[in-house]
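One letter stands for each residue in the lines below.
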Amino acid sequence: QVQLVESGGGSVQAGGSLRLSCVTSGFKLEYYAIGWFRQGPGRGREAVSCVTNDGKTYYSNAAKGRFSVSRDNVKSAIYLEMNMLAPEDTGVYYCTKSFLGCMDAGAHWYEPDDWGQGTQVTVSS
């Protein structure tokens, strides 16, 4: 049974930092791209960041320069370091996996195969 379990969300003030973690099980992580999506209040889900099975990283324009994604295949985990947080970063952050990768040749994010239950991030001004 595939499981992706996020942790590390919370409430911070603007300019602060958070580190999200996602522990996975039920599949061989080294074969998959794994990443993060988020959904803010009144908004649809959007891609935040992704790392391929060979370590290539991708970021949304909103995340570039502020967020850093990493993976640890030995621990079956993925992490998202978020710095300089702003109120618009508020939302539920989901850990995701994709067999196809992070982005296609047209720079469109692949739809994930599976999603975690999400962890809430709230940034106050």
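Predicted model only: the values in this text are computed from it and were never measured.

Go over the side chain of T24, please, and point to the residues and values.
Its location among the elements puts T24 in strand β3 (residues 18-25). Classification of T24 as buried rests on a relative accessible area of 6%. Filtering out sequence-adjacent residues up to four positions away, T24 remains in contact with Q3, L4, L29, I34 and S76.

Just give me the short version of the packing of aromatic side chains, but keep the residues and values in it.
Per the counting criterion, the structure on display carries 4 aromatic pairs. Relative to Y32, the ring of F27 lies with its centre 5.2 Å away and its plane at 80°, an arrangement referred to as edge-to-face. Assessed through its relative accessible area of 15%, F27 is described here as buried. Each ring, one from Y32 and one from F99, has its centre 5.5 Å from the other, and the planes form 65°; the classification is edge-to-face. Placement of the pair is Y32 in the loop between β3 and β4 (33-39) and F99 in the loop between β9 (91-98) and β10 (114-115), with a sequence separation of 67 residues. Judged by its relative accessible area of 16%, Y32 falls in the buried class.

Go over the nonpolar core, please, and point to the residues and values.
Ranked by internal contacts, the top residues of the largest apolar core, which has 24 residues, are W36, F67, I78, L80, M82 and Y93. Of all the elements in the fold, those that place two or more residues in this core are β3, β4, β5 (45-51), β7 (67-72), β8 (77-82), β9 and β11 (119-124). The contacts of L80, once residues within four sequence positions are left out, are L18, R19, L20, W36, V48, S49, F67, S68, V69 and Y93.

Go over the state of the cysteines, please, and point to the residues and values.
Inspection of every chain in the model, using the stated rule, returns 2 disulfides. Disulfide pairing places C50 opposite C102 at an S-S distance of 1.9 Å. Taking the sign of the S-S torsion, about -80° here, the bridge from C50 to C102 comes out left-handed. Here the residue C50 occupies a position in strand β5, and C102 occupies one in the loop between β9 and β10, the gap between them amounting to 52 residues. Overall, C50 belongs to the buried group, its relative accessible area being 6%. A relative accessible area of 3% means that C102 is categorised as buried. For the protein chain, the bonded cysteines connect in the pattern 1-3, 2-4 when numbered consecutively along the sequence.

Pulling in residues and values, what's your account of the pattern of salt bridges?
One pass over the structure, following the stated rule, counts 7 salt bridges. Across the pair R19 and E81 runs a salt bridge, and its minimum N-O distance is 3.6 Å. One end of the pair, R19, is in strand β3; the other, E81, is in strand β8, and 62 residues separate them in sequence. Residues D89 and R38 are paired through a salt bridge, measuring 2.9 Å at the closest nitrogen-oxygen approach. Remark: R38 occurs in strand β4 and D89 occurs in the loop between β8 and β9; sequence separation between them is 51 residues. Relative accessible area serves as the criterion here: at 0%, D89 is assigned to the buried category. A network of salt bridges, in which partner residues are shared, links R38, R43, E46, R66 and D89.

Thresholds, definitions, all that
- Residues numbered from 1 in each chain as written.
- Predicted model: local features only at pLDDT ≥ 70, side-chain atom pairs only at ≥ 80, totals over all residues.
- Heavy atoms only, no water.
- Helix = DSSP H or I, 4+ residues; strand = E, 2+ residues; numbered from the N terminus.
- Buried < 20%, exposed > 50% of the residue type's maximum accessible area, 1.4 Å probe, protein only.
- Contact = heavy atoms within 4.5 Å.
- Phe/Tyr/Trp six-rings, centres within 6.5 Å; stacked < 30°, edge-to-face > 60°.
- Core = buried A, V, L, I, M, F, W, Y, C linked by side-chain atoms within 4.5 Å.
- Disulfide = S-S within 2.5 Å.
- Salt bridge = Lys/Arg side-chain N within 4 Å of Asp/Glu carboxyl O.

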